[in-house]
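Descriptive analysis of the structure
Residues per chain are reported as follows:
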Amino acid sequence: MNKVIKKYNSNMHRVFVYGTLKSGEPNNNVLQDRTRGTALLVGKAKTCLEYPLVIGTRYNIPFLLDAPGKGKRVIGELYDVDKKMLNTLDEFEDHPSWYTRSKIHVERMPDHESQIPSAVMKEEVCGYLLQQYKPYMFERAAVEEYRSRSSDYLSKEDRASIEDYNFKAETKYMDKTADRPCLTEYSTAGNHERPYDKVGDLGHESVEQNLIEFWEANRRYVLLTE
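Keep in mind it's a predicted model, so treat the numbers as computed, not measured. (Residues numbered from 1 in each chain as written. Predicted model: local features only at pLDDT ≥ 70, side-chain atom pairs only at ≥ 80, totals over all residues. Heavy atoms only, no water.)

**A look at the overall build of the chain**
The condition is simple: Strands here mean DSSP runs of E at least two residues long; helices mean DSSP runs of H or I at least four residues long; both are numbered from the N terminus. Exposure categories follow from relative accessible area, calculated using a 1.4 Å probe and restricted to protein chains: below 20% of the type maximum is buried, above 50% is exposed, and the middle band is partly exposed. Whether two residues touch is decided by their heavy atoms; if any such pair falls within 4.5 Å, the residues are in contact. Per-residue and other accessible areas follow the Shrake-Rupley method at a 1.4 Å probe size, with only the shown protein chains counted as cover for residues.
Counting its secondary structure elements, the chain contains five helices and eight strands. When the helices and strands of the chain are listed from N to C terminus, the series reads β-β-α-β-β-β-β-α-β-β-α-α-α. Among the 226 residues that make up the chain, the fraction classed as buried is 41%. Within the chain, counting contacts between residues at least 6 apart in sequence, those at least 24 apart form 77% of the total. Approximately 13,200 Å² of the chain is accessible, and the part contributed by carbon and sulfur atoms is 49%.

Here it is, written out as structure tokens:
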């Protein structure tokens with residue numbers, strides 16, 4: 001059995017990408033942009049455990065659900081990135097509020113395109129997983145390897161031409177609402193813990209600031225339904 005290696009160059013971070021960041025996919029330019037940091041292709045890899053890699057929303061976005069042991073062993077690519085590029089990826093993936101950068105185990109695959117030769121075959125690396133996803137995501141077919149050409153992926157630029165649509169609310173339980181029950185009827189009666197009932201009660205001169213504080217105080221009461 002190959003030993004699992006946890007560290008490489010102390011100045012670099014090894015990241016597993018499985019979707020639109022891969023070579024030949026729509027967002028690989030993020031990893032190629034040297035103004036955003038350094039990224040070196042290590043090669044192809046496959047997760048040691050099964051994960052559900054599903055395509056969802058009207059944008060056909062790939063989601064890797066944080067449910068090890070379910071789905072399929074997922075094929076992707078490994079990159080060594082510096083701290084600047086890691087920060088770029090965190091921003092791109094909206095870590096930690098959307099995806100969560102987590103440790104996963106992967107197994108290297110034979111690959112002639114690698115920029116970094118390595119005899120290590122099993123490694124602990126970083127990967128961006130979707131947590132607090134909604135149960136219906138499991139109803140979608142899990143795929144082993146993502147290809148945008150077969151899924152009609154819609155880029156972030158193209159999404160601007162579509163009517164307002166919150167794909168995040170469709171796919172994920174957001175923030176502190178995940179463990180709250182869904183209601184069939186809402187009433188303010190008896191809701192004495194609610195911080196503010198009116199935006200105007202906050203007292204800021206700026207209407208924008210009033211709205212921001214109102215949202216921060218009340219967002220835990222927002223109930224996301226299926």
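Continuing now.
**Section: the packing of aromatic side chains**
Note the following rule: When the centres of two rings from Phe, Tyr and Trp lie within 6.5 Å, Trp using its six-membered ring, the rings pair. Their planes under 30 degrees apart give stacked, over 60 give edge-to-face, and anything left gives tilted.
A complete count under the given rule lists six aromatic pairs for this structure. Both rings, one in tyrosine 59 and one in phenylalanine 167, keep their centres 5.7 Å apart while their planes meet at 70°; by these two values the pair is edge-to-face. In this pair, tyrosine 59 is assigned in the loop between strand 4 (53-56) and strand 5 (61-64) and phenylalanine 167 in helix 4 (residues 167-171), connecting sequence segments 108 residues apart. On the basis of relative accessibility, which here comes to 13%, the residue phenylalanine 167 falls in the buried class.

**Comments concerning helix 2 (residues 83-92)**
Turning to helix 2, its buried residues number three or more, namely Met85, Leu86, Thr88, Leu89, Asp90 and Phe92. Taken from the residues just after helix 2, aspartate 94 is the one with a positive phi, measuring 55°.

**Thoughts on the nonpolar core**
What counts is decided by this rule: Buried Ala, Val, Leu, Ile, Met, Phe, Trp, Tyr and Cys residues that are joined via side-chain atoms within 4.5 Å together make up what is termed a nonpolar core.
Residues Val15, Phe16, Leu31, Phe63, Val81, Leu89 and Tyr99 are the most contacted members of the largest nonpolar core, which totals 45 residues. Residues contacting valine 81, with those up to four places away along its chain left out, are Asn11, Met12, His13, Val15, Leu31, Thr38, Ala39, Leu86 and Leu89.

**With respect to the pairing of strand 6 (residues 72-81)**
Spelled out, the test is: For two strands to be treated as a pair, DSSP must find at least two bridges joining them.
Burial of strand 6 is extensive: eight of the ten residues sit out of reach of the surface. Sheet topology note: the strand 2 (residues 13-17)/strand 6 ladder contains five bridges and is antiparallel. Across the sheet, the residue bridging to valine 15 is tyrosine 79, located in strand 6. Here nine bridges tie strand 3 (residues 39-51) to strand 6, and the two strands are oriented antiparallel to one another. Looking at strand 6, one finds that glycine 43 is bridged to leucine 78.

**Side note on the pairing of strand 4**
Remember that side chains alternate between the two faces of the sheet whenever the strand is regular. Here strand 4 shows a buried face lined by Leu53 and Ile55 and a second buried face lined by Val54 and Gly56. Here four bridges tie strand 4 to strand 5, and the two strands are oriented antiparallel to one another. When the bridges of strand 5 are listed, isoleucine 55 appears paired with proline 62. Linking strand 4 back to strand 5 in an antiparallel pair, the connection comprises four residues, with threonine 57 at a positive phi of about 70°.

**Comments concerning the confidence of the model for the chain**
To be explicit about the condition: Across the chain, each position has a pLDDT score giving the predictor's confidence in that residue, from 0 to 100.
Averaged over all residues, the pLDDT of the chain equals 77, while 65% of them reach at least 70. Below a pLDDT of 50 lies the segment residues 218-226, which in the model reaches 30 contacts outside its immediate sequence neighbourhood of four places, other chains included.

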